Amino acid sequence: MQNTPVSSLVGEEYEVEVGPVAHGGHCIARTDAGRVLFVRHALPGERVVARVTEGEETSRFLRADAVTILDASKDRVAAPCPFAGPGKCGGCDWQHAKPGAQRRLKGEVIAEQLLRLAGLTPEEAGWDGTVMPAEGDKLPQGEVPQWRTRVQYAIDADGHAGLRKHRSHEVEVIDHCMIAAEGVSELGVEKRTWEGMASVEAIAATGSNDRQVILTPKPGGRLPLVELDKPVSVLRVDEKDGGVHRVHGRAFVRERADDRTYRVGNGGFWQVHPKAAQTLMLAVMQGLTPRKGETALDLYCGVGLFAGAIADRVGDQGAVLGIESGKRAVEDARHNLAGFPRVRIEQGKVESVLPRTGITEVDLIVLDPPRAGAGKQTVHHLAGLGARRIAYVACDPAALARDLAYFAERGYKVRTLRAFDLFPMTHHVECVAILEPVKKDA
């Protein structure tokens, strides 16, 4: 008995009415036959011709691009970037939408995820429904915030730098990224060829003039002589162990937040938007309101941004424990926070290290987990520590909503939620939720 071959629908076109925005940078539409399409480069309420980019006859849904706009939304603008659009660079999702509309769409996604996954309305989450732009990001129409202080360029077979197309390994060669920070653009990575390299990551610190490139060679590729338009440190990724090693210059860049300098080594994590670290630090401190002498946990602490801010506020009688899985980030956090004798940084995964600490109670908790969230086990553990306030920093609304539901199971409610547009032109959004224990009736 032969299996019937599955028929690909890639390239098929459908004229559709575009429905609501969905998590992931696309909108939902349905064909006349009821088939679900996830459509990029469209806006709610538009009528478009959508061309299928992924999917088969048996697929639950199809992915598609809006290739012809038949009835445009009032929120639509011509994409400022020549590399944005169907089949081009996958880095930006909303170049075709006005900045205010982008923030509104992100707010709709947050609201939908909160309701569907946590059963919360905006009012119940203490959120006014707005997504706030970062300071300085409100620009005239046609101008784009130059916010991306880290850009990972993919290198094509001819050694040219570009960015990957959406859900593809194919490289869109570019001569300039509009959302790249000035410090990245001035390096001129796109002007030269990178034979033997798989990728080149450019980093421009905003807390200093430090500039860095991290080279990932193709198997057997030799490092080129790096000559860029500005002085720059060079690091390389080892093809055997994946570790990052210094070639020349500093192995770290220096960033600033809360009037403190933070060392960030080997391309380690630091918020990408120039204003993000300060914005999120202030939102967390305003939500937690640390008091002298309190104890705190900083989970997924990176190089110690929140641990340092809390330590400064709880004083010499307080104490902070940070937990971070990255070895180099732990080294940097210990260096950055060496002036606080009551701060301790432990290396390892939160779910493994936290139970081993023996901590049974704490006053404050801040967690900034990876995109997948903290998860049920960790959330339930944290809820058992009796913190008076918990700050949850989230780069994914779905993960945030799932974890808020887990906190609710163990007696924590959301006091306030704030959302920040720290990734303009993309679908990404950052949230800070402040939780507190539900007061039990007397």
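Placed above this text is the structure.
Residues numbered from 1 in each chain as written. Predicted model: local features only at pLDDT ≥ 70, side-chain atom pairs only at ≥ 80, totals over all residues. Heavy atoms only, no water.

Undergrad: Can you explain the packing of helix H7 (residues 376–383) against helix H8 (residues 397–409)? Please cite residues and give values.
TA: Where H7 meets H8, the axes come as close as 9 Å, and the angle between the chain directions of the two elements is 40 degrees. In terms of axis orientation, H7 runs oblique to H8. Handedness of the H7/H8 crossing: right-handed. Touching Lys376, Val379, His380, Leu382 and Ala383 of H7 are Asp403, Tyr406, Phe407 and Glu409, all from H8. (Axes fitted to C-alpha atoms, helices over the stretch in contact; angles between N-to-C directions. Helix = DSSP H or I, 4+ residues; strand = E, 2+ residues; numbered from the N terminus. Parallel < 35°, antiparallel > 145°, perpendicular 65-115°, else oblique. Left-handed = near helix turned anticlockwise from the far one by under 90°. Contact = heavy atoms within 4.5 Å.)

Undergrad: Summarise the side chain of Gln212; cite the residues concerned and give the values.
TA: Within the element layout of this structure, Gln212 appears in strand S11 (residues 211–217). Apart from residues no more than four positions distant in its own chain, Gln212 is found in contact with Glu201, Ala202, Ile203, Val232, Ser233, Leu235, Arg250, Ala251, Phe252, Val253 and Gly267.

Undergrad: Tell me what's going on with the pattern of salt bridges, and back it up with residues and numbers.
TA: All told, the structure shown has 26 salt bridges when counted by the stated rule. Glu46 serves as the salt-bridge partner of Arg76, at 2.7 Å between the closest nitrogen and oxygen. Residue Arg76 is located in the loop between strand S5 (62–71) and helix H1 (99–118), and its partner Glu46 is located in the loop between strand S3 (36–40) and strand S4 (47–54); the two are separated by 30 residues in the primary sequence. Ionic pairing is found between Lys74 and Asp75, a salt bridge with its closest N-O pair at 3.8 Å. (Salt bridge = Lys/Arg side-chain N within 4 Å of Asp/Glu carboxyl O.)

Undergrad: I'd love a proper account of unusual backbone geometry, names of residues and values included.
TA: Phi at Arg167 takes a positive value of approximately 50 degrees, unusual for a residue other than glycine. Turning to its location among the elements, Arg167 is positioned in the loop between strand S8 (161–164) and strand S9 (171–173).

Undergrad: Lay out the state of the cysteines with the relevant residues and their values.
TA: Per the stated rule, a full pass over the model turns up 0 disulfides. The thiol sulfur of Cys81 is not disulfide-bonded, and the nearest other cysteine sulfur, from Cys92, lies at 6.5 Å. Classification of Cys81 as buried rests on a relative accessible area of 11%. Residue Cys301 stays outside any disulfide, its sulfur separated by 16 Å from that of Cys395, the closest cysteine. (Disulfide = S-S within 2.5 Å. Buried < 20%, exposed > 50% of the residue type's maximum accessible area, 1.4 Å probe, protein only.)

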